[in-house]
Amino acid sequence: MSKPIVIPFQTTLHVRDTCLCLHVQRAARALARKFDDALRPLDLTNGQFSLLMSLNRPDPPGMGPVARLLAMDRTTLTAALKPLEKRGLVVTVTDDKDRRLRRMKLTPSGHALLSMAVPIWKSTHADVDDALGEGRPDRLRSDLLALA
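Residues numbered from 1 in each chain as written. Predicted model: local features only at pLDDT ≥ 70, side-chain atom pairs only at ≥ 80, totals over all residues. Heavy atoms only, no water.

**Q** What exactly am I supposed to notice about the nonpolar core here?
**A** Side chains that are nonpolar tend, in soluble globular proteins, to be buried together. In this structure, L44, L52, L55, L77, L81, V90 and M104 are the most contacted members of the largest nonpolar core, which totals 20 residues. Once residues lying within four places of it in the same chain are set aside, the contact partners of L81 are L51, L55, M63, V90 and M104. (Core = buried A, V, L, I, M, F, W, Y, C linked by side-chain atoms within 4.5 Å. Buried < 20%, exposed > 50% of the residue type's maximum accessible area, 1.4 Å probe, protein only. Contact = heavy atoms within 4.5 Å.)

**Q** Explain the side chain of S54 to me, please; I cannot follow it from the model alone.
**A** With respect to the helices, strands and loops of the structure, S54 is situated in helix α3 (residues 46-55). Polar side-chain contacts of S54 include one of 2.6 Å to the backbone oxygen of L51. Once residues within four sequence positions are removed from consideration, S54 is found in contact with P61, V66, L69 and L70. (Helix = DSSP H or I, 4+ residues; strand = E, 2+ residues; numbered from the N terminus. Polar contact = N/O pair within 3.5 Å; in protein donor to acceptor, adjacent residues only side chain to side chain.)

**Q** For this particular structure, what's the right way to read the environment of L22?
**A** By secondary structure assignment, the location of L22 is in helix α2 (residues 20-39). Each C-alpha atom, one on L22 and one on M63, is 30 Å from the other, the two residues being 41 residues apart in sequence. Those residues within four positions of L22 in sequence are excluded, and the remaining contacts are V15 and R16.

**Q** What's the story with the pattern of salt bridges in this structure? I'm lost.
**A** A side chain of one charge can pair with a side chain of the opposite charge if their charged atoms are brought near each other. On inspection of all chains with the given rule, the structure shows 7 salt bridges. Notably, a salt bridge pairs R87 with D43, separated by 4.0 Å at the nearest N-O pair. Here R87 is found in the loop between α5 (74-86) and β1 (90-94), whereas its partner D43 is found in the loop between α2 and α3, with 44 residues between them in sequence. For R87, a relative accessible area of 34% corresponds to the partly exposed category. What makes D43 exposed here is its relative accessible area of 53%. (Salt bridge = Lys/Arg side-chain N within 4 Å of Asp/Glu carboxyl O.)

What follows is the structure, given as structure tokens:
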């Protein structure tokens, strides 16, 4: 068995202070908690809100486009849909032209919940934008899009 290489603590501090992945993960968790707290009165998480918003389209989308938009695989998307379907907020329907395709559609209850959630999202988002300061939200969005 070879002797393990000891990484100096200074390296740990360097990673802690400079790792973009760590900083983005921490910020994402903090933002998720903020939006989860705001949407909790509607029994909705920020992820569920994003999923419902992604279905708010003129024509019901297929799994692929929604999975790509939300940066998740189809299995994860299917799992995320289950509680929304169980609550009667979303239905999955077969495509009229291609019976192999499944499309997701907001129900009237889904639209109603989304209409209550949007003002909460707007208010919470305005708070986040204000905390970042003038011009910084657009810069942050641009930088995050460049990484995605």
